[in-house]
Amino acid sequence: MSASAVFILDVKGKPLISRNYKGDVAMSEIENFMPLLMQREEEGALAPLLSHGRVHFLWIKHSNLYLVATTLKNANASLVYSFLYKTVEVFSEYFKELEEESIRDNFVIVYELLDELMDFGFPQTTDSKILQEYITQQGNKLETGKSRVPPTVTNAVSWRSEGIKYKKNEVFIDVIESVNLLVNANGSVLLSEIVGTIKLKVFLSGMPELRLGLNDRVLFELTGLSGSKNKSVELEDVKFHQCVRLSRFDNDRTISFIPPDGDFELMSYRLSTQVKPLIWIESVIEKFSHSRVEIMVKAKGQFKKQSVANGVEISVPVPSDADSPRFKTSVGSAKYVPEKNVVIWSIKSFPGGKEYLMRAHFGLPSVEKEEVEGRPPIGVKFEIPYFTVSGIQVRYMKIIEKSGYQALPWVRYITQSGDYQLRTS
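Keep in mind it's a predicted model, so treat the numbers as computed, not measured.

Q: Explanation requested: the overall build of the protein chain in the structure shown.
A: When you go through the protein chain residue by residue, the secondary structure sums to eight helices and 23 strands. Principal-axis analysis of the C-alpha atoms gives the protein chain an extent of 75 × 60 × 40 Å. In the protein chain, of all internal contacts separated by at least 6 residues, the share reaching a separation of at least 24 is 68%.

Printed below as a string of structure tokens:
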């Protein structure tokens, strides 16, 4: 059992648009949602699922909007939440920014999309590329005689149209890993994880079948490849695009699929392994009462010497009442951002194994402001091309198509900062 109706509400809880799919819940029930939400918020017991009598409200907030699904009895909650997030994704593809104004400006298209996204409370076509084939921004210009449902909607492969042709057949594979790190003031790593995605850009003719091979530890153990010579990676929380044959993956760990055309995210994964901080930060802050504060920051690249981190930005927090900034850097440039109370030290190119220094000098007012809260952490942003911190590798990409054409796969590896923070003493 799934959703009975879907509502889009403004920030005050007033319905902007709604669609009744099953007719078993009165549309007036939505009037109980906002008072219930505010009551739970005051009690400090706010939950993603609120109930009023026999009616359940499953809701998410996006920008200045509430998306609410109503249902009776025991609905499949995970399906409903997945649908609400997918609806946000589709509307964002259509209107770029999903907010109250974009809903008010596009009522007709929103109604059409709500009709196609769900049928009798169950999700239907949720792929924005397919929806854009027959629900267009210029919907009123369609000639009635020419409008037809594209074959992709009734196809077994609903995410790819037939008859696609390219002069040059290519696949671009991006393996992107984000490093989330939290280090305490003593230098101990409190949180360390790698969140990876494999993104594809597909320019292939016809209906090709692709097979992707990774250095997956489970696969290596199944095929007897595990050993000291073959470095493998144990992937956790693997999520796939709908095009991947999950039964095949469960049986023999083969990632086999017919890809959508153009850009899409094939899979995501996580590794909760202890990662050595790629850029290590040490800071010394000296505060001279009623006069000045001096900050010294040392940054060290703890990755391979042949790799280079690009676009490095180190955000160092400073007292909110500091003024008259002066900087000295061994490389790059430093800039004071008073509205955020930080100094941003920018280094265009940071080779592995190198160490750099930045000194900052600030004046303080004669009347010292009391520090109520602790000092915020130092944040680091970076991107290291041609490198993955987990060691994941694309071993092969096989492309099979009945016409037998040759296609070129191109692979690129990128490691970047995610939520990367180092606390200072």
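Once the structure has been displayed, the description carries forward.
Q: Sorry, what's going on with a nonpolar patch on the surface here?
A: Nonpolar side chains collect at one region of the surface, where Phe-172, Leu-408 and Trp-410 lie side by side and expose about 280 Å² of accessible area between them. Position of Phe-172 among the secondary structure elements: in strand E8 (residues 170–183). Assessed through its relative accessible area of 31%, Phe-172 is described here as partly exposed.

Q: For this particular structure, what's the right way to read the pattern of salt bridges?
A: Opposite charge on two side chains lets them pair, provided their charged atoms get close. Scanning the model with the defined rule gives 16 salt bridges in all. Among the ionic pairs, Asp-174 bridges to Arg-412, the shortest N-O distance being 2.6 Å. With Asp-174 in strand E8 and Arg-412 in strand E23 (residues 408–422), this residue pair connects regions lying 238 residues apart in the sequence. The exposure class assigned to Asp-174 is buried, which follows from its relative accessible area of 18%. Classification of Arg-412 as partly exposed rests on a relative accessible area of 43%. Arg-211 is the salt-bridge partner of Glu-209, the closest N and O atoms lying 3.9 Å from each other. The class for Glu-209 is buried, based on a relative accessible area of 19%. A relative accessible area of 26% means that Arg-211 is categorised as partly exposed.

Q: Could you clarify how one ought to interpret unusual backbone geometry in this entry?
A: If you check the backbone angles, Ser-63 has positive phi at about 55 degrees while not being a glycine. Topologically, Ser-63 is positioned in the loop between strand E4 (55–62) and strand E5 (65–72). In this structure Ser-63 comes out as partly exposed when scored by relative accessible area, which is 48%. Its identity is not glycine, yet Asp-237 carries a phi of approximately 45 degrees, on the positive side.

Q: Just to check I follow, could you spell out the nonpolar core for this structure?
A: Nonpolar side chains in soluble globular proteins generally cluster together in the buried interior. Within the largest apolar cluster, 70 residues are counted, with the highest numbers of intra-cluster contacts made by Ile-198, Leu-200, Ile-255, Phe-257, Leu-266 and Ile-314. Top element by residues in this core is E8. It accounts for six residues. Formed jointly, this core draws a minimum of three residues from each of two domains, domain 2 (170–275 + 389–422) and domain 3 (279–385). Dropping the residues within four chain positions of it, Leu-266 is found in contact with Ile-198, Lys-199, Leu-200, Leu-212, Lys-239, Phe-240, His-241, Cys-243, Val-244, Ile-255 and Phe-257. Residues Leu-58, Leu-98, Leu-117 and Tyr-134 belong to the second largest nonpolar core, which totals 31 residues.

Q: Explain the sheet that holds E23 here, please?
A: Strand pairing in a sheet relies on backbone hydrogen bonds. The paired strands run either parallel or antiparallel. Across the sheet, nine strands lie side by side as E11-E13-E9-E8-E23-E21-E16-E19-E18; this open sheet has mixed pairing. With one partner strand each, in any of the chains shown, strand E11 (236–240) and strand E18 (333–337) form the two edges of the open sheet. Strand after strand, the sheet turns through a mean of 15 degrees between neighbouring axes, direction not considered. Pairing analysis gives 13 bridges linking E8 to E23, with the strands arranged parallel. For Ile-173, the partnering residue across the bridge sits in E23 and is Val-411.

Q: Looking at this model, I keep getting lost on the sheet that holds strand E10 (residues 209–214). Mind explaining?
A: If you walk across this open sheet you meet the three strands as E12-E10-E22, and the pairing is antiparallel. Only two strands of the sheet have a single partner each, and these edge strands are strand E12 (255–257) and strand E22 (394–400). Neighbour to neighbour, the strand axes of the sheet diverge by 15 degrees on average, direction disregarded.

Q: Looking at this structure, I do not really get the pairing of E10. What am I missing?
A: Note on strand geometry: in a regular strand, side chains alternate between the two faces of the sheet. The buried count for E10 comes to five of six residues, which makes it a mostly enclosed element. Strand direction decides the pairing type here: E10 and E22, joined by six bridges, are antiparallel. Considered in E22, the bridge of Leu-212 is made with Met-397.

Q: Just to check I follow, could you spell out the domain arrangement of the protein chain for this structure?
A: The parts lose accessible area when they come together, and the size of an interface is often stated as this lost area. You can read the domains of the protein chain as domain 1 (5–132), domain 2 (170–275 + 389–422) and domain 3 (279–385). For domain 1 versus domain 3, the separation of C-alpha centres amounts to 44 Å.

Q: Before we go on, may I ask you to explain the packing of aromatic side chains in this structure?
A: Given two aromatic rings, one states the distance between the centres and the angle between the planes to describe the pair. One pass over the full model with this rule turns up 13 aromatic pairs. A ring pair is formed by Phe-33 and Trp-59, whose centres lie 6.1 Å apart and whose planes are at 65 degrees; its orientation type is edge-to-face. Pair noted here: Phe-33 is in helix H1 (residues 33–43) and Trp-59 is in strand E4, with a separation of 26 residues, a long-range link. Take Phe-33 and Trp-59: they sit in the same class, and that class is buried.

Q: In this structure, what is going on with H1? I would like to understand it.
A: Helical geometry note: an α-helix holds 3.6 residues per turn, so side chains three or four residues apart project in the same direction. Of the residues making up H1, those classed as buried are Phe-33, Met-34, Leu-36 and Leu-37. Projected onto a plane normal to the axis of H1, the buried residues spread over an arc of 160 degrees and lie on a single side. The exposed residues of H1 that point more than 90 degrees off its buried face are Glu-42 and Glu-43. In the stretch just after H1, Gly-44 is the one whose phi turns positive, near 70 degrees.

Q: Can you walk me through helix H2 (residues 77–95) in this structure?
A: Helix length check: H2, at 19 residues, gives a terminal C-alpha distance of 27 Å against a target of 27 Å (1.5 Å per residue), a fit within 8%. At the C-terminal side of H2, Lys-96 shows a positive phi close to 65 degrees.

Q: Help me understand the environment of Thr-424, please; the structure alone is not making it clear to me.
A: As for its placement among the helices and strands, Thr-424 is situated in the segment after E23. The exposure class of Thr-424 is buried, given its relative accessible area of 14%. When the C-alpha positions of Thr-424 and Arg-375 are compared, they lie 7.2 Å apart, and in sequence the two are 49 residues distant. If near-sequence neighbours (up to four positions away) are discounted, Thr-424 is found in contact with Ala-185, Ser-283, Arg-375, Pro-376 and Ile-378.

Cut-offs applied
Residues numbered from 1 in each chain as written. Predicted model: local features only at pLDDT ≥ 70, side-chain atom pairs only at ≥ 80, totals over all residues. Heavy atoms only, no water. Helix = DSSP H or I, 4+ residues; strand = E, 2+ residues; numbered from the N terminus. Contact = heavy atoms within 4.5 Å. Patch = residues over 30% accessible without salt bridge, like charges linked within 9 Å, V, L, I, M, F, W, Y side chains within 5 Å. Areas by Shrake-Rupley, 256 points an atom, 1.4 Å probe, with all protein chains shown as cover. Salt bridge = Lys/Arg side-chain N within 4 Å of Asp/Glu carboxyl O. Buried < 20%, exposed > 50% of the residue type's maximum accessible area, 1.4 Å probe, protein only. Core = buried A, V, L, I, M, F, W, Y, C linked by side-chain atoms within 4.5 Å. Domains from an automatic or database assignment. Pairing = 2+ DSSP bridges. Axes fitted to C-alpha atoms, helices over the stretch in contact; angles between N-to-C directions. Phe/Tyr/Trp six-rings, centres within 6.5 Å; stacked < 30°, edge-to-face > 60°. Arc of directions from axis to C-beta. Expected span 1.5 Å × (residues − 1).

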